[in-house]
Every structure is written in structure tokens, then in C-alpha cells.
Amino acid sequence: MRGTWSLSLNATVPIFEGLVTKYSVQQAKANLRATESNAEVLRQDINKQVRTELPGRTGRGRKNPGHRKRQRSSKENWDLAQGRYKAGVGSIIEVTDAQVKFFNAELSYIRSVYDLKVAEAQLEKAVGKAY
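Because the structure is predicted, anything quoted here is derived from the model rather than measured.

Thresholds, definitions, all that
- Residues numbered from 1 in each chain as written.
- Predicted model: local features only at pLDDT ≥ 70, side-chain atom pairs only at ≥ 80, totals over all residues.
- Heavy atoms only, no water.
- Core = buried A, V, L, I, M, F, W, Y, C linked by side-chain atoms within 4.5 Å.
- Buried < 20%, exposed > 50% of the residue type's maximum accessible area, 1.4 Å probe, protein only.
- Helix = DSSP H or I, 4+ residues; strand = E, 2+ residues; numbered from the N terminus.
- Contact = heavy atoms within 4.5 Å.
- Phe/Tyr/Trp six-rings, centres within 6.5 Å; stacked < 30°, edge-to-face > 60°.
- Lys NZ or Arg CZ within 6 Å of the ring centre and 35° of its normal.
- Patch = residues over 30% accessible without salt bridge, like charges linked within 9 Å, V, L, I, M, F, W, Y side chains within 5 Å.
- Areas by Shrake-Rupley, 256 points an atom, 1.4 Å probe, with all protein chains shown as cover.
- Salt bridge = Lys/Arg side-chain N within 4 Å of Asp/Glu carboxyl O.
- Expected span 1.5 Å × (residues − 1).

Okay, the nonpolar core next. Counting five residues, the largest nonpolar core consists of W78, A81, V95, A98 and F102. Listed by contribution, the elements that provide at least two residues to this core are helix 1 (17–87) and helix 2 (92–127). Dropping the residues within four chain positions of it, W78 is found in contact with V95, A98, Q99, F102 and F103.

Moving on, we get to the packing of aromatic side chains. When we look at a pair of aromatic rings, we describe it by the centre distance and by the angle of the planes. Under the defined criterion, the tally for this structure stands at three aromatic pairs. Where W78 meets F102, the ring centres are 5.4 Å apart and the plane angle is 25 degrees; that geometry is what we call stacked. Placement of W78 in helix 1 and of F102 in helix 2 is noted, with a sequence separation of 24 residues between them. A relative accessible area of 13% places W78 in the buried class. Each residue in the set W78, F102 and F103 is aromatic and connected to the rest through ring pairs, giving one cluster. In this arrangement the basic side chain of K75 is found over the ring face of F102, its NZ or CZ atom lying 5.7 Å from the centre.

Positionally, R43 belongs in helix 1. It is 9.9 Å that separates the C-alpha atoms of R43 and V127, two residues lying 84 residues apart in sequence.

Attention now moves to a nonpolar patch on the surface. Residues Y85, I92 and I93 make up a contiguous nonpolar surface patch of about 310 Å² in total accessible area. Within the secondary structure layout, Y85 lies in helix 1.

Turning our attention to helix 2. With 36 residues, helix 2 should cover 52 Å at 1.5 Å per step; its first-to-last C-alpha distance of 53 Å lies within 8% of that length. Those residues of helix 2 lying buried are V95, A98, F102, A105, Y109, S112, L116, A119, L123 and A126.

Attention shifts here to the pattern of salt bridges. For the structure shown, the criterion picks out three salt bridges. Residues E120 and K117 are paired through a salt bridge, measuring 3.7 Å at the closest nitrogen-oxygen approach. In this pair, E120 and K117 both sit in helix 2, three residues apart, roughly one turn of the helix.

So, about the environment of Q122. With respect to the helices and strands, Q122 occurs in helix 2. Residues Q122 and T52, 70 residues apart in the sequence, show an inter-C-alpha distance of 9.8 Å.

Here it is, written out as C-alpha cells:
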């Protein structure tokens, strides 16, 4: 009996793996460009918000002294109207009108403080300081 020998050789050649790697690199580069573009859009949005909110903040901040003066002036007018009414030379309508003007000035001042605080919060959010 004669022995038979057989020899086989198998070779695997990755023909298409080179293309998969090439396209994976291209996809990763495209993802990087998209991420960079998104970052730029976000930067521009932040800049826009800051440019929008900062003038509003400083403008609202300047209104407060005027509101405070009106508030003090209307309080003095209300006190004077009460004094005239107690002295018998003023009417209750004058006192009531002065009181309404005082409360409206008070409300206006509170609104200006509120607007200022809202503008500050929006600015902090725009620059990333909000928690």
C-alpha cells in the first residue's frame, strides 16, 4: 500500500477590506466636519444672544434710577395730598389719585428690576454661566 499525501493551500486575500477602510476614514472625516460646523453654529448663536441681551441689560439697568425718582416723587405727592386732606383743604379724590400714582410708580420700578434680572439671567445663559 502506498500512502497518499495531499497538500492543500488556502489563501484569503481581503480585496474589499481596503475599500471599507477607505470609506470608513471618509465617513469619520465627514462626521468631523459636521461636528465642527455644529460647533461654529453654536458659537454664532451664543454671540448673537450676547449681542442681543447685553444692550437690553444695560438699557434696562439705566431705567431704574428714573423709576426710583418717580416712585419717591409720587410718594411725596401722596403724603402732601394726605396732609391737605387732613387740613381740610384737599379732597379725598386728590388723595386717591396720588395713591394710585404712587402704586403705579412702585409697580413700574418693580417691573424694571424684574426685567433687569431676566436680562441678566438670559445673558448668563447665553455665555454658559447658568447652572
